Every structure is written in C-alpha cells, then in structure tokens.
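Each chain, written out:
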Number of protein chains: 2
Amino acid sequence: MNLLQQKIITEGQVLSDSILKVDSFLNHQIDPQLMKYIGEEFAGLFAEAGITKILTIESSGIAPSVMAGLSLGVPVVFARKRKSLTLVDQLYSSKVYSFTKNETNEISIANSYITSDDVVLVIDDFLANGQAALGLIDIVEQAGATAAGVGIVIEKGFQNGGNLIRERGIRVESLAIIDSLSDGIVTFKGENSR
Amino acid sequence: MNLLQQKIITEGQVLSDSILKVDSFLNHQIDPQLMKYIGEEFAGLFAEAGITKILTIESSGIAPSVMAGLSLGVPVVFARKRKSLTLVDQLYSSKVYSFTKNETNEISIANSYITSDDVVLVIDDFLANGQAALGLIDIVEQAGATAAGVGIVIEKGFQNGGNLIRERGIRVESLAIIDSLSDGIVTFKGENSR
C-alpha cells in the first residue's frame, strides 16, 4: 500500500457506495507533502514520455499538477470552468457533464498555451465517469497536440471512466484504484479485502 | 528586482491602467519553479510567526499556497466559491464582492479545518481592493483563530486593499507591489521608473 492509499484509509470518509470524501488532504484541505509525493510518482511514471506540458482543471487538480510539473520541469495549464474577464484570448473549449452535480460545464483554455508541438500529460484528482478527463483530452486534440497519458490521483475502478479512456488507446496511470466502497470499507484494486 | 518582478516585466501584459494579465505563469498557465520560489519567499517572511495553517481561495491562490505549505510544513485550506456536494460539514462563510466582475460570491470553508488553536497565514495571488483577503480574514476570525498575516504574490499598490488590511494591524507581505500600470509600463514600488 502506497502513501496515498494509507492516507485514504486513515482519513477518507466513505459517504455512500459511490462517494469517497477526501476533503482533509486533497479536495479542500491539501497536504503539501503528500502532493509532492504524488507529483513525483506521476513524474516517475511518465519520465520517458517526453512530456512538455501538464493540463488539469480547477480547482482540485491544481496542487498535484503543480508538484508533477515541478518534478518534470514543465509548465501546468489549468482549464477554467467559466470564462474570466482577462481570458480575452481565443479559446479551446469542451463541454463536461458532471453526474455528481447533474450539470454541464464548459471548460476552456486560452489556445496560446497548448500548441501542436506539445506532448501533454492530463492530470486530475478523481476519475469516475471520465467526463472531465475526456474533456481535457478533447482540448489536447483540438490543439493538435499529443495526449501522452492521464495521471489520476484516485480512480473509482467501479465506474466506467477508466475504461472509456483506456479503450481509446490512451495510457491511464492512477495512484489509487478503488474497487469498492461497499459497507463503508475502502477496497483497492488487487486487494482481496481489508 | 526579484525573480517574480522579472517575470512580470518579461511576460505580464498590461491591458489597461488597472489590469495586469499574468496568465502565462500565475492565473492560467502556472510556472511551478516560480511557485516554488514564491512559496519559499513566503515561508522565509513568516518563518518566525508560528504558522500552523495556510488559508487561500480557489483557484489561483492554490499553487503558491501549496508551495508555501510545503516549505513551512503546514496544511493548506482553500475556500470554495460555491458549495460542492461533499461539503456537507458546518461552514464558515463570508461574502466577497468582486469589483472586476461586479458580483458577490459567498466563499466558504468547512469549519473543521480551522480551529481556535490555529495561527493562519492568508495567501492570495492578487491584492487589489482587498475584498477576497478581507473575506478570508473574516473566516479566520469566525473560527477564533489568529490571523498572523497576509502573503500576496502581486499587490496593486495603487488600489486600496493593502491599506484596508494594514490599517487593521494585520501584517501584509507582497512579493511584488505595483505602483502604476500607466502607459502600458509596469512600475514597482520603490522604483522611479523603468
């Protein structure tokens, strides 16, 4: 069990069979030392991939991405969920449906920050239905850049997002894959039970 | 001139007498190495302040805060601009008026993440009219915690926010203070011109 999985076991709260709350170290309060570990793990996994840029989405994707960018020596771009006043540039946009919130957000980046020369690592905090990651991949493809892979902090292995992305031939590396949250117990992929 | 000020000169875009766009390294694309430098600067400035927690606001405050948290060895909490599904806790909330967007946002944190024992460093990317920083200080005070100070990446010295906070006896440390953006030229406090 890695450091992240240990943290999930000790601090994660299972709110239902599908909802794991990790607000104490990832989604609301952030553990910077754990983020550094996560960033270094992503950097190691994609060390040979020729990454030139990391693409993530506000807000919870930013901390692990910045640490991965520090380790890989590349900039991070975060997609915004709504347009801000000084984003006057031409945009790449994609629609992302959230099953959790039952709403569609348009995510955008200024098109100057990803070019066709870029080899992009997409990073996000959670992978469940895959809609956010697929939206980010869509933006990479609009830019004519290469999607080298997707780095996920916590994948809900019992939901379909991981399959949707892997079926497209895109490499997905998740630092913790959760098989089940049944009965309030977190079971990781590869474990029988705990 | 420090590293941040150099970056502002080389990459910042002056859009008007009051708007400086730093989307290439802080607000949209993020330079992780610069964030590490910024985090270490904040950590040095507040090294003797007994900081136990950093409080910031999504999204652009997160990267510098996480780096400062790494250097200081303390957790970061980011206030959310709207409630999310898994934020089921009791909240501390404050209303923040944005002059730029002409709208009021309610910012919130779960009350479990700041307690009366905490000595809090508030960090944000920009300080202009001071409304966001004052909202964060309001949350610190609601929690009965101590506001040890405010760390700002870029302060617009020609707007009133810095004065509003300093007049309350709260220490403000800004890594770059801009005196003027007139005629498309960035002038920092303490410079005659450039």
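Each chain carries its own residue numbering, running from 1 in the written order of its sequence. The naming scheme follows written order: chains are lettered A onward, ligands numbered 1 onward. Residues qualify for local features only when their pLDDT is at least 70, as the model is predicted, and side-chain atom pairs are given and counted only at 80 or more; totals for whole chains, interfaces and linings, by contrast, use all residues. Side-chain numbers here rest on the full set of heavy atoms in the structure, without hydrogens or water.

Enquirer: What is the right way to read the packing of aromatic side chains from this model?
Expert: The description of an aromatic ring pair uses the distance of the two centres, along with the angle that the planes make with each other. All names here are of chain A. In this scheme Phe, Tyr and Trp rings, the latter by its six-membered ring, pair at centre separations within 6.5 Å, and the angle between planes marks the pair as stacked below 30 degrees, edge-to-face above 60, and tilted otherwise. What the rule picks out here adds up to two aromatic pairs over all chains. Where Tyr97 meets Phe99, the ring centres are 4.9 Å apart and the plane angle is 80 degrees; that geometry is what we call edge-to-face. Throughout, exposure labels follow a simple rule: accessible area from a 1.4 Å probe, protein chains only, divided by the maximum for the residue type, with under 20% read as buried, over 50% as exposed, and the rest as partly exposed. Given a relative accessible area of 30%, Tyr97 falls into the partly exposed group. Stacked on the ring of Phe46, the Lys or Arg Arg171 has its end atom at 4.3 Å from the ring centre. Whether a charge lies above a ring is judged from NZ of Lys or CZ of Arg, which has to be within 6 Å of the ring centre and within 35 degrees of the ring normal.

Enquirer: Teacher, can you tell me more about the UniProt feature "binding site: xanthine" (unreviewed entry) in chain A here?
Expert: Mapped onto the present numbering, the UniProt feature "binding site: xanthine" (unreviewed entry) falls on A:Leu20, A:Asn27 and A:Lys156. Comment: elements are numbered from the N terminus, with helices defined as DSSP H or I runs of at least four residues and strands as E runs of at least two. Looking at the secondary structure, you find A:Asn27 in the loop between strand 2 (20–21) and strand 3 (29–30). A:Asn27 sits in the buried class, given a relative accessible area of 9%. Not counting residues within four places of it along the chain, the set of residues in contact with A:Asn27 comprises A:Val22, A:Ser60, A:Asp125, A:Phe126, B:Phe78 and B:Arg80. UniProt positions are given in the numbering used here, feature names are shortened, and annotations may be inferred rather than shown by experiment. Contacts are assigned to residue pairs with any non-hydrogen atoms lying within 4.5 Å of each other.

Enquirer: Before we go on, may I ask you to explain the interface of chain B and chain A in this structure?
Expert: Bring the parts together and some accessible area is lost; that lost area is often taken as the interface size. Each side of the interface is counted separately: chain B has 43 residues, and chain A has 43 residues. When the two sides are added together, the surface that chain B and chain A hide from each other amounts to roughly 3600 Å², 61% of it contributed by carbon and sulfur. We define buried area as the total accessible area lost by two parts upon association, computed with a 1.4 Å probe and summed across both. Together, B:His28, B:Gln29 and B:Tyr113 form the three largest contributors to the area buried by chain B at its contact with chain A, with a combined 19%. What counts as a salt bridge is simple: a side-chain nitrogen of Lys or Arg found within 4 Å of a carboxyl oxygen of Asp or Glu. In this assembly, chain B and chain A are joined by zero salt bridges. Here a polar contact is taken to be a pair of N or O atoms separated by no more than 3.5 Å, where protein atoms must pair a possible hydrogen donor with a possible acceptor and residues adjacent in sequence count only if both atoms sit in side chains. Linking chain B to chain A there are 17 residue pairs in polar contact (both at pLDDT 80 or more). Where the side of chain B that touches chain A is concerned, the elements lending two or more residues are strand 3 (29–30), helix 2 (32–45), helix 3 (62–72), strand 5 (76–79) and strand 7 (103–110) of chain B. It is helix 3 of chain B that contributes the most residues to the side of chain B that touches chain A, six residues altogether. For this classification, Asp, Glu, Lys and Arg are treated as charged, while Ala, Val, Leu, Ile, Met, Phe, Trp, Tyr, Cys and Pro are nonpolar and the rest, including Gly, are polar. Residues belonging to the side of chain B that touches chain A are distributed by class as follows: 21 nonpolar, twelve polar and ten charged.

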